[in-house]
Amino acid sequence: MFELKKKEDGNTYHFVLKAKNGQVILSSEVYNSKSAASNGIESVKKNSQDDTKFERKTAKNGKFYFNLKASNGQIIGSSQMYAGEAGMENGISSVTENAPNASIKEL
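Just so it is clear, the model here is predicted, and its values are computed rather than measured.

Basis of the calculations
Residues numbered from 1 in each chain as written. Predicted model: local features only at pLDDT ≥ 70, side-chain atom pairs only at ≥ 80, totals over all residues. Heavy atoms only, no water. Phe/Tyr/Trp six-rings, centres within 6.5 Å; stacked < 30°, edge-to-face > 60°. Helix = DSSP H or I, 4+ residues; strand = E, 2+ residues; numbered from the N terminus. Buried < 20%, exposed > 50% of the residue type's maximum accessible area, 1.4 Å probe, protein only.

A. Quick peek at the packing of aromatic side chains. Counted by the stated rule, this structure contains four aromatic pairs. Ring geometry for F54 and F66: centres 5.7 Å apart, planes at 70°, overall edge-to-face. Separated by twelve residues along the polypeptide, F54 in strand β4 (residues 54-58) and F66 in strand β5 (residues 64-69) bring together distant segments of the chain. Considered together, F54 and F66 belong to a single accessibility category, that of buried residues. Where F66 meets Y82, the ring centres are 6.4 Å apart and the plane angle is 10°; that geometry is what we call stacked. On the criterion of sequence distance, the pair formed by F66 in strand β5 and Y82 in the loop between β6 (75-78) and α2 (85-98) is long-range, its members being 16 residues apart. Both residues of the pair, F66 and Y82, count as buried. One aromatic cluster is present, formed by F2, F15 and Y31 through successive ring pairs.

Here it is in structure tokens:
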């Protein structure tokens, strides 16, 4: 499920994608409007089906994470940090599996 939230400033929006167990598997960038955030969600649904859109990264602390990029190369979502590479790959699989048909809940 995608959770679409208005930020505390009241003017910007953010969304997260949660797995069936309720864990956040992808967090978005901040958007200036609700419609832009909704477009971001649609972009995640579409681009999550293309493995080449996942950018696998290692942080300075040695932990693993990934970014999901749109066709234009912009980051549309980032994962949490994972202790191991296998955890990161499971996170990517979860986004690939959950995003396309996920419902949208406004908070």
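Read on for the rest.
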